[in-house]
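# Residue-level structure breakdown
Each chain, letter by letter, is given below.
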Amino acid sequence: MTEKDITHVSEAQIAVHWQEEDYFYPSMQFIAQANMTDPAIYEKFSLDNFPNCYKAYADLLEWDEYWHTILDTSDAPCWKWFVGGRINASHNCIDRHLAKNRNKTAIHFVPELEEEKVEHITYQELWVRVNEFTALLRDFAGLKAGDRATLHMPMSAELPITMLACARLGVIHSEVFGGFSGRACADRIVDSKSNVLITMDAYYRSGTLLDHKKNADIAVELAAKDGQTVNKVLVWQRYPGKSSTPTPMVKGRDFFINEELKRFYGKRVKPVSMPAEAPLFLMYTSGTTGKPKGCQHSTGGYLAYVTGTSKFVQDIHPEDVYWCMADIGWITGHSYIVYGPLSLCASTVIYEGVPNYPDAGRPWRIAQDLGVNIFHTAPTAIRALRKIGPDEPAKYNYHFKHMTTVGEPIEPEVWKWYYKEVGKGEAIIVDTWWQTETGGFLCSTLPAITPMKPGSAGPSLPGIHPVIYDEDGNELPAGCGRAGNICIRNPWPGGFQTIWGDRNRFVQNYYARYCKDPKSKRWQDWPYLTGDAAVQAKDGYYRILGRIDDVINVSGHRLGTKEIESAALIVPEVAEAAVVPVAHEIKGKEPDLYIALKPGFDASPELEKKISDAVCNEIGKIAKPRRVWIVKDMPKTRSGKIMRRVLAAISNKKDVGDVTTLANPNIVDEIKAMVK
Ligand code: PRX
């Protein structure tokens, strides 16, 4: 049995041991107001009606020029949606709402410090600020349609303003999660060939004002070494007019946006009409090899898909106050804090800080004070809030009609706590399964139509047609309850267009495995490989089991094991590095890092720290290993392959299985003794 086979057997076993849960039903009150109550919707979006069914999503938008071809497959598997159409995302998220809802709040910005004032930005104010910043980007930074701008911004109102200003010009934004290091930012600047970096001087996290400007300096310096020059660094100030960072500004390169903006007050910029297939943004994500992949998302197809799913799955109405507690630096934030909700003219909440600052009641105070009625978060946050403040939600007078969980499988017990305590038994829950690549949801219950089942994402969305393959490419019978690789048979408008600058990798990573004919121009021959293992129950609901590739999901964020290992290998003493996921009560998974040193070096706590710091510096604190274990040797196959499976079993205190065929079986007991 190979290493891979063993992993797959254990996934199937999880499936078998996981009990089927009972259904929970939506309340009549919810159904009465729901955006989607037509059970025939599944039929309307069946494969027989594909791709024309997606006209309904396109028609949620305002087009400058209506499209003529709904789906063009001639460049398979780079699908083109709504070809011939011209559209602007900034117009659709702002301008089109002004006539009716000028004075409605578009964004509630909640600073982490409770003594600071919450900012309520109306659609009118958003329009003014986006217009002025657009003028600055065009006339001062020299950006034009098709250019890339890298953003390295924390949770702030200025982040969506920046994104929407880029979109207004057709500039492709590439936001790097604020918690990522300067190094990670540099890699993304280089890959996207950006010559403008937009950042913020500082932000609050757990009560501390962090210096963020320093990361920009590191990023620009490292990018230059890799051949990419950044001409301008535009810096928003956390407190306009006041510096919050000790890191100095570089003359001629760095500019405070608040200062420069003064020259653009009152300026208005007409949204640039972009082809539907023009890229709207890049979002980098981890894959099996070291280099992050820039997922390229389109303007028309993406916006149509996130608007449609926000309306029908998130059940957003214009009068709702919607709070997604994700970070805008991830795809969830792009699709379901910024583009989806704003396109539907909702009020979207942006919270700067951590959920437990200054105490575990904070999220529920925010919900109460702003009248939030739709709430969206991840299992890792739910587990944390359940642990530190199980009785907190009941103390506050808020009422959710709808809640979302996303990012990793949720344990049924945690789901039930979310339902009963956070939702007070009144709110429906959608467990939305999707990915950076997919732009929007793939599987979820439709809240007023299909009942909830704890721990299960639910059926696929209308218009999404999954198939589960086994290792040999055979289709598993629908509802058979066996685990396999879940793929999607058909394209959908939200899917990414390609990996930025690397079409070959796009095809190899996502389509090569189950492609029926590499020359084919028919979408039917190109199932999309999600990289997740899943089982389908008899009722058609999908349960997602986790990644099949070398990716660890920490607190709902995908981290490549290779990225972490490469970071460790920067430390000169390190000869070999192996990362394995360890189960963690709150985060879901944490990386454990095994290290073998070069000859002549000895293990020490200082060296462990140096290696751990290297990982944080290269990638960010999110990748910090639980432990660095410096071992004498790695368990290896006779061909010299590190047996990560064995290390994972040791870290998780599980049976390591048969290790007699290893090149060095004795090392296993030694490592076991150490990790104990
Ligand atoms: O393994 C799946 C897991 O997160 C992966 C996608 O991660 P990322 O691209 O960072 O996007 C996160 C937000 C969409 C998936 O391949 N995942 C995501 N949502 C769920 C999930 N696993 C189980 N249930 C979910 N609801």
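Higher on the page you've got the structure.
The rules we used
- Residues numbered from 1 in each chain as written.
- Predicted model: local features only at pLDDT ≥ 70, side-chain atom pairs only at ≥ 80, totals over all residues.
- Heavy atoms only, no water.
- Buried < 20%, exposed > 50% of the residue type's maximum accessible area, 1.4 Å probe, protein only.
- Helix = DSSP H or I, 4+ residues; strand = E, 2+ residues; numbered from the N terminus.
- Pairing = 2+ DSSP bridges.
- Axes fitted to C-alpha atoms, helices over the stretch in contact; angles between N-to-C directions.
- Core = buried A, V, L, I, M, F, W, Y, C linked by side-chain atoms within 4.5 Å.
- Contact = heavy atoms within 4.5 Å.
- Parallel < 35°, antiparallel > 145°, perpendicular 65-115°, else oblique.
- Left-handed = near helix turned anticlockwise from the far one by under 90°.
- Nonpolar A, V, L, I, M, F, W, Y, C, P; charged D, E, K, R; others polar.
- Salt bridge = Lys/Arg side-chain N within 4 Å of Asp/Glu carboxyl O.
- Near = heavy atom within 4 Å.
- Polar contact = N/O pair within 3.5 Å; in protein donor to acceptor, adjacent residues only side chain to side chain.
- Areas by Shrake-Rupley, 256 points an atom, 1.4 Å probe, with all protein chains shown as cover.

With 6 of its 8 residues buried, helix α18 (residues 561-568) lies for the most part within the structure. Of the residues making up α18, those classed as buried are T561, E563, I564, E565, A567 and A568.

Ordered in space as β5-β4-β17-β16-β18-β19-β20, the 7 strands form an open sheet in which the pairing is mixed. Two strands lie at the open edges of the sheet, namely β5 (119-122) and β20 (428-432), each paired on one side alone. Adjacent strand axes in the sheet meet at a mean angle of 20 degrees when their direction is disregarded. Relative to strand β19 (residues 402-406), strand β18 (residues 374-377) runs parallel, the two being bridged by 4 bridges. Note that in β19 the partner of T377 across the bridge is T405.

On to the nonpolar core. Ranked by size, the top nonpolar core spans 153 residues in total, and within it Y54, F82, L126, I198, L234, Y339 and F400 carry the most contacts. Among residues more than four places away in sequence, those in contact with F400 are W364, A367, V372, N373, I374, F375, V422, E426 and A427. A186, A219, A577 and I619 belong to the second-largest nonpolar core, a separate cluster that totals 39 residues.

Below, the discussion takes up the packing of α18 against helix α19 (residues 605-618). Geometrically, a packed helix pair is captured by the angle between its two axes and the distance between the axes. Orientation of α18 relative to α19, taken along the N-to-C sense of each, is 125 degrees, at an axis distance of 8 Å. Taken together, the axis directions place α18 and α19 in an arrangement best described as oblique. Crossing geometry of α18 relative to α19 is assigned as right-handed. Contacts from I564, A567 and A568 of α18 reach α19 at I611, A614, V615 and E618. Across the contact of α18 with α19, the residue classes tally to 6 nonpolar, no polar and 1 charged.

All chains considered together, the criterion is met by 47 salt bridges. Residues K55 and D59 are paired through a salt bridge, measuring 2.6 Å at the closest nitrogen-oxygen approach. Here E670 ties to K632 by a salt bridge, and the two come within 3.1 Å at their closest N and O atoms. Placement of E670 in helix α21 (residues 666-675) and of K632 in the loop between β30 (628-631) and α20 (644-651) is noted, with a sequence separation of 38 residues between them. Accessibility expressed as a relative area gives 42% for E670, which makes it partly exposed. Put simply, E20, K453, D539 and R543 are held in one network by salt bridges that share partners.

As a further point, take the sheet that holds strand β15 (residues 293-298). Spatially, β12-β11-β8-β6-β7-β14-β15-β23 is the arrangement adopted by the 8 strands of the open sheet, whose pairing is mixed. Strands at the two margins of the open sheet, each flanked by one partner only, are β12 (254-256) and β23 (498-499). Note: strand β14 (residues 279-285) against β15, 6 bridges, orientation antiparallel. By the bridge assignment, F281 is partnered in β15 with H297. Sitting on the sheet, helix α13 (residues 331-343) touches β7 (172-175), β14 and β15, and the angle it makes with β14 is about 145 degrees.

Below, the discussion takes up the site of the ligand. Close contacts around the ligand come from 16 residues, with D431, T432, T436, D532 and R558 the closest. Taking G407, its main chain carries an N or O atom lying 3.0 Å from a nitrogen atom of the ligand. Separating a nitrogen atom of the ligand from a backbone N or O atom of T432 is a distance of 2.8 Å. Alone, the ligand offers 540 Å² of accessible surface; in the complex the protein occludes 96% of this. Of all the secondary structure elements, the ones that give two or more residues to the shell around the ligand are β20 and β25 (542-547). Of the residues that constitute the shell around the ligand, the class distribution is 5 nonpolar, 6 polar and 5 charged.

Distances and angles like these do not, on their own, reveal function.
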